[in-house]
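Understanding the architecture of this molecule
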Amino acid sequence: MPNLIIQAISKRFGQTVALEDVSLTLPEAKLICFLGPSGCGKTTLLRLIAGLEQASSGKIFLGETELSAIAAHKRNIGMVFQSFALFPHLNVANNIAYGLKIRGVDKLTRLKRAEELLELVQLSGLGKRHISQLSGGQRQRIAMARALALEPDLFLLDEPLSALDAKLREAMQVELKLLQQRLGITTIVVTHDQQEAMTMADVIVVMGENRVQQIGAPLEIYHKPKNRFVADFIGSNNFIPALVKDTQSVSALGSIFEIALPKSLKVGAQVALSIRPEKLQLYSSEPPKSSKLAGTIKFIRDLGSTVETFVEVAGHELSVKGIQHLATGDKVWLSFDPADAVILEV
Amino acid sequence: MNHPSYGKPKNRWPYFLLTYPAIMILLLFFVPLCIMFALSFFKRIQSAFFEPAFVFENYVRAFSTFFLQRIGVSLWVAAVAAFICLLIAFPFTFFLSRLRRSRQVPYLVLLISILSLSEVIIAFSWSLLLSKTSGISNLLVALKLLDAPVSWAPGFVAMLSALVYISLPLAIIVLYPSLSRLDVSLTEAATTLGASPIVSFFNVVLPNVRQALLTTFILVFIFVLGSYLIPQVLGRPEHWTLPVHITDQALLKSNMPLAAALAMLLLIASAGLSLLTLRLGRSQL
Ligand SMILES: Nc1ncnc2c1ncn2[C@@H]1O[C@H](COP(=O)(O)OP(=O)(O)O)[C@@H](O)[C@H]1O
Ligand SMILES: [Mg+2]
């Protein structure tokens, strides 16, 4: 199974721009997440791959084959819709076997295959049930079974877990990941939930403002966000306004920090120093570290598993996560490892 | 916990309010129906009117070959009109329901305004449009598509056209809710599973709207079965439906008892079909 290559795809609906010049190469046999806020074009991109929309410009390839030149019903792509879109007039087995029926597979083989797939999604014996007799979680699995029945080249899921309650959703994330690894089908899951993307994905495509913002492994996206949008969207982050001093240091909040800088930055440029709350350490007295800041505790809140402390440093509020035993109003010191900080252009 | 007041409103007003429609239904519907029912057993008196009696001769006449043929024609006309109406209404409504909501509104308003036209206006407009002296054929002559103006009315096609025209808005408005409720992603799901547009239409769209189509067919059928003026104005005597003959008997031939008996038959046929519709509607759930 070859790579999925998306080449300079743009899509407009009348005046609305849904996607702007999207180019991606997605690896085969991996679980890929399209992650981004609502309205950024995730569904549109998925529908373009499935052939349910026509691109305004650009092409899509699956290896050597130009996918965008093939009619939607000949693409051999399995898709799970947000509403599941199960056929209400057919029972579970006939829903799953619908694609096989269209291809003229005989009834006995169809039913056998439907039973296999029911077993795969752990719903054996439900074949005769009516769709209206299924729970949300069961419908979701049946929709997956139906999409997988034809052994598709690509398996696409549009916010498949958003209709499920939190507990079931977490269980399904793991299950979906295991299923994908077992089948080895290139799978694309659309989600706006970064936790979900982090849990499942081999590769995350962060989308925003109708473009691709960054593509990479979950940890890479988390620790090395490429721009302000990604750093802001994934997890929480402190953004400290900073000025480039020379090729390896910036000044921020009255202190100088030695940090590896991208080559493209000019001396004197305005940048943002981005650091995760859990990468900041709190001290009650001045620590023997090079990267440090002095401030006052403004507010403390208990998050259960950790404590979030808001520290004011030179008129700027920073969030720190980690267990500590200080009180509001205390004078404190903050320090961090320069390797954990990311310099972003503003 | 106990909810002693469940299902027992303390306020008795709602029940009193219900008596108003009840009385109205009784006065305006049930009483005339009883009178008509009684009338259908009365005895007709030549050169007079009728006298109270309990005879079956009106029903015997109503079941004569002549009237049975008339009933047959009525059913046939209603079936053909309903079928053609559905043939037009279904694709129209299907595409209408797929338009953006804001684009659908003008069409729906137009359709409802057609519904507000009376059968009288529609019948005479069509008769004028299809006439030799001032109809569309004159326009076609002017466009050199015809050599001389022709008269298209009265005739079977003229009658059918007007019947389809008058029942089309009804059909569309009855079909509209179930077609717009049909989830677009169902056909898209069929597409990703390898169904061409035609295949998914027959496999997915049709089975999910079959019930609505049947209901609409029967409703239009009953509607056409009760139409009187259009067959009268635009049809030839051999196309006249039962209501035309009922009027004929009641007003021209002064045979009220026979008219009442024929009307009872028509009523029973319509009621039977309405019940069937309700039955089908319920089995859908
Ligand atoms: N069929 C459509 N007609 C008009 N605009 C659309 C249509 N589908 C999507 N859009 C617009 O395209 C943009 C991207 O939508 P979508 O792909 O659904 O975003 P997402 O799935 O990321 O929430 C949105 O601004 C949306 O309003
Ligand atoms: Mg979406």
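Residues numbered from 1 in each chain as written. Chains lettered and ligands numbered in written order. Predicted model: local features only at pLDDT ≥ 70, side-chain atom pairs only at ≥ 80, totals over all residues. Heavy atoms only, no water.

**A look at the sheet that holds strand β4 (residues 57–62) of chain A**
Residues and elements named next belong to chain A. Here is the rule: A strand pair is defined by DSSP finding two or more bridges across the two strands. Runs of H or I in DSSP of at least four residues are treated as helices and runs of E of at least two as strands, each being numbered from the N terminus. The contact criterion used is simple: two residues touch if any of their non-hydrogen atoms lie within 4.5 Å. Whenever a helix is involved, its axis is fitted only over the stretch in contact; in every case the axis is a line through C-alpha atoms, and angles between N-to-C directions fall within 0 to 180 degrees.
Pairing is antiparallel across the open sheet formed by four strands, whose spatial order is β2-β1-β4-β5. Unpaired on one side and paired on the other, β2 (16–26) and β5 (65–66) mark the two borders of the sheet. Note: strand β1 (residues 4–13) against β4, five bridges, orientation antiparallel. Residue pairing across strands places Leu-4 opposite Leu-62, the latter belonging to β4. Each of β1, β2 and β4 is contacted by helix α1 (residues 42–50), which is oriented at about 120° to β1, the strand it contacts most.

**Observations regarding the site of ligand 1**
All names here are of chain A. Here is the rule: Nearness is defined per residue: one heavy atom within 4 Å of the molecule or strand is enough. We call two N or O atoms a polar contact when they sit within 3.5 Å, provided that within protein one can donate a hydrogen and the other can accept it, with sequence-adjacent residues counted only if both atoms are side-chain atoms. Think of it as three bins: nonpolar holds Ala, Val, Leu, Ile, Met, Phe, Trp, Tyr, Cys and Pro, charged holds Asp, Glu, Lys and Arg, and polar takes everything else, Gly as well.
If you check the shell around ligand 1, you find Phe-13, Thr-16, Ala-18, Pro-37, Ser-38, Gly-39, Cys-40, Gly-41, Lys-42, Thr-43 and Thr-44 and nothing else. Between Thr-44 and ligand 1, the recorded distance is 2.5 Å, taken from a side-chain N or O atom to an oxygen atom. Elements that contribute at least two residues to the shell around ligand 1 include exactly β2 and α1. Tallying contributions element by element places α1 first for the shell around ligand 1, with three residues. For the shell around ligand 1, a count of residues per class yields four nonpolar, six polar and one charged.

**Some remarks on the nonpolar core**
Convention followed: Joining through side-chain atoms within 4.5 Å is the link that ties buried Ala, Val, Leu, Ile, Met, Phe, Trp, Tyr and Cys residues into a set, and such a set is a nonpolar core. Only protein chains enter the accessibility calculation, which uses a 1.4 Å probe; a residue is then buried when its area is under 20% of its type maximum, exposed when over 50%, and partly exposed in between.
Counting residues in each nonpolar core, the largest one holds 98 residues, and the members touching the most others are Phe-34 and Ile-49 of chain A. Take this core: its biggest share by element is 14 residues, from helix α3 (residues 65–98) of chain B. Setting aside chain neighbours within four positions, we find Phe-34 of chain A in contact with Leu-24, Leu-26, Lys-42, Leu-45, Leu-46, Ile-49, Ile-188, Val-189, Val-190, Thr-191, Val-205 and Met-207 of chain A. Counting residues in hydrophobic clusters, the runner-up holds 44 residues, among them Leu-35, Phe-84, Ile-131 and Ala-197 of chain A.

**Some points on unusual backbone geometry**
In this structure, Glu-159 of chain A takes a positive phi of about 40° despite not being glycine. By the element assignment, Glu-159 of chain A lies in the loop between β7 (154–158) and α6 (166–183). In this structure, Lys-144 of chain B is a non-glycine residue whose phi angle is positive, near 65°. You can see Lys-144 of chain B is positioned in the loop between α6 (136–142) and α7 (156–181).

**Topic: helix α1 (residues 13–39) of chain B**
Defined as follows: To estimate the expected span of a helix, count its residues, drop one, and scale the result by 1.5 Å. The seven residues ending at a residue and the seven starting there each receive a fitted axis; the angle between those axes is the bend at that residue.
The terminal C-alpha atoms of α1 of chain B lie 39 Å apart, and with 27 residues this matches the ideal 39 Å at 1.5 Å per residue to within 8%. In α1 of chain B, a bend of some 35° at Leu-26 of chain B exceeds every other bend along the element.

**Quick notes on the pairing of strand β19 (residues 331–335) of chain A**
Here is the key point about a regular strand: its side chains alternate between the two faces of the sheet. Note: strand β15 (residues 281–283) of chain A against β19 of chain A, three bridges, orientation antiparallel. Counterpart to Leu-282 of chain A in the pairing with β19 of chain A is Leu-334 of chain A.

**As for a nonpolar patch on the surface**
Residue and element names in this part refer to chain B. Threshold: Exposure above 30% relative accessible area and no salt bridge define the residues that can form patches, which grow by joining like charges within 9 Å and nonpolar side chains of Val, Leu, Ile, Met, Phe, Trp and Tyr within 5 Å. The Shrake-Rupley method, run with a 1.4 Å probe, gives the accessible areas here. Residue values count only the displayed protein chains as cover. Throughout this description, the term salt bridge denotes a Lys or Arg side-chain nitrogen within 4 Å of a carboxyl oxygen of Asp or Glu.
Among the surface-exposed residues, Tyr-20, Ile-23, Met-24, Ile-25, Leu-26, Leu-27, Leu-28, Phe-29, Phe-30, Val-31 and Ile-35 lie close enough to one another that they form a single nonpolar patch of about 1100 Å² accessible area. With respect to the secondary-structure elements, Phe-30 resides in helix α1. Looking at Phe-30, the relative accessible area reads 43%, which means it is partly exposed.

**So, the packing of aromatic side chains**
In plain terms, the rule: Two rings belonging to Phe, Tyr or Trp (six-membered ring only in the last case) form a pair when the distance between their centres is within 6.5 Å. Interplanar angles under 30 degrees mark stacking, angles over 60 mark edge-to-face geometry, and anything in between is tilted.
Per the stated rule, a full pass over the model turns up 19 aromatic pairs over all chains. Aromatic pair Phe-299 of chain A and Phe-310 of chain A: ring centres 6.0 Å apart, planes at 35°, arrangement tilted. Of this pair, Phe-299 of chain A sits in strand β16 (residues 292–302) while Phe-310 of chain A sits in strand β17 (residues 307–313), and the two are 11 residues apart along the sequence. Residues Phe-92 of chain B and Tyr-107 of chain B carry aromatic rings whose centres are separated by 6.3 Å and whose planes lie at 75° to one another, so their mutual orientation is edge-to-face. With Phe-92 of chain B in helix α3 and Tyr-107 of chain B in helix α4 (residues 101–115), this residue pair connects regions lying 15 residues apart in the sequence.

**Remarks on the domain arrangement of chain A**
Residues and elements named next belong to chain A. For clarity, the threshold we go by: Where a domain begins and ends is set by an automatic assignment or by a domain database. A 1.4 Å probe defines the accessible area here, and the buried area is the portion of it lost by two parts on being joined, summed over both.
One can read the domain layout of chain A as domain 1 (4–232) and domain 2 (236–345). Placing a centre on the C-alpha atoms of domain 1 and another on those of domain 2 gives a separation of 39 Å. Tallying the contact residues gives nine residues for domain 1 and 10 residues for domain 2. Between domain 1 and domain 2, a total of about 820 Å² is buried, with carbon and sulfur atoms accounting for 51% of that surface.

**Focus: the sheet that holds strand β12 (residues 249–252) of chain A**
All names here are of chain A. Reading across from one edge, β13-β12-β11-β14-β20 is the order of the five strands in this open sheet, with antiparallel pairing throughout. Here the strands that pair on one side only, and so sit at the sheet edges, are β13 (255–258) and β20 (342–345). Strand after strand, the sheet turns through a mean of 40° between neighbouring axes, direction not considered. Sheet topology note: the strand β11 (residues 238–246)/strand β14 (residues 270–275) ladder contains six bridges and is antiparallel. Opposite Pro-241, over in β14, you have Ala-272 as the bridge partner.

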